[in-house]
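# Descriptive structure summary
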Amino acid sequence: RQSEMTAKHRWTTRVRWSEVDPAGIVFYPRFFEWFDLATESLFESRGQPWPIIFPLYDIVGVPIAESGAKFSAPVRYGDEVSIDSVVARVEEKTFRVEHEVKVSDIVCAGGFEQPAGVGRPAQPGDRLRARAIPEEVVKMLKNGVEDPHG
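What comes next is a walk through the structure. The shown structure was predicted, so the numbers you read here are calculated from the model rather than taken from an experiment.

### Considerations on the overall build of the protein
Of the regular secondary structure elements, the protein holds 3 helices and 9 strands. From first element to last, N terminus to C terminus, the protein shows the α and β order β-β-α-α-β-β-β-β-β-β-β-α. Rg of the C-alpha trace for the protein: 16 Å, near the compact-globule value of 15 Å for 150 residues, within the 12% margin. Seen through its C-alpha atoms, the protein measures out along the principal axes to roughly 50 × 35 × 25 Å. In the protein, which comprises 150 residues, the share counted as buried stands at 40%. Nonlocal contacts in the protein, meaning residues at least 24 apart in sequence, comprise 68% of its contacts between residues at least 6 apart. Split by element, the accessible area of the protein, about 8,300 Å² in all, is 51% carbon and sulfur. Each charge sign in the protein was given a centre, from 19 positive and 23 negative side chains, and these centres are 3 Å apart.

The following block contains the structure:
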């Protein structure tokens, strides 16, 4: 089950002092933290906040199976950053979200993450395993359904 998705969202933040190196430039791991925050915000914007859907679908979390980024311009302390995120595809157990990081009209970085939905083990101590993404979530990402549970 693989199809092209259209769910999009913009998340914004202001760069804090704790996110920069001594030169005042954002330390690269912060971009991956922002990608995570932008993905979670995308789900919230679609009526699917993780604190609600994880227990609803018996999901432990969405650990990253693959990620990457390319940096093209510095992001500095105090900059207002926007991250445009789009769900590029959904596979049986993973989905891919692509991110574009901008300051004003300048594209500073692009990246992606591919999380896997991990189900709660049957018994405590059992191995964690990826599981199929629930159909309701796939439909929400594909069709932009606002809140299939409300």
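### Description of the nonpolar core
Counting 18 residues, the largest nonpolar core has Phe43, Val87, Val90, Phe95, Val137 and Leu141 as the members making the most contacts within it. Taken together, the elements giving at least two residues each to this core come down to helix 1 (29-45), helix 2 (50-56), strand 5 (80-90), strand 6 (95-103) and helix 3 (135-143). Here this core takes 4 residues from helix 3, the largest share from any one element. Sequence-distant contacts of valine 137, that is, excluding residues within four places in its chain, are made with Phe43, Gln48 and Tyr57.

About the cut-offs
- Residues numbered from 1 in each chain as written.
- Predicted model: local features only at pLDDT ≥ 70, side-chain atom pairs only at ≥ 80, totals over all residues.
- Heavy atoms only, no water.
- Helix = DSSP H or I, 4+ residues; strand = E, 2+ residues; numbered from the N terminus.
- Rg over C-alpha atoms; globule rule 2.2 N^0.38 Å.
- Buried < 20%, exposed > 50% of the residue type's maximum accessible area, 1.4 Å probe, protein only.
- Contact = heavy atoms within 4.5 Å.
- Areas by Shrake-Rupley, 256 points an atom, 1.4 Å probe, with all protein chains shown as cover.
- Lys, Arg positive; Asp, Glu negative; His and termini not counted.
- Charge placed at Lys NZ, Arg CZ, Asp CG, Glu CD.
- Core = buried A, V, L, I, M, F, W, Y, C linked by side-chain atoms within 4.5 Å.

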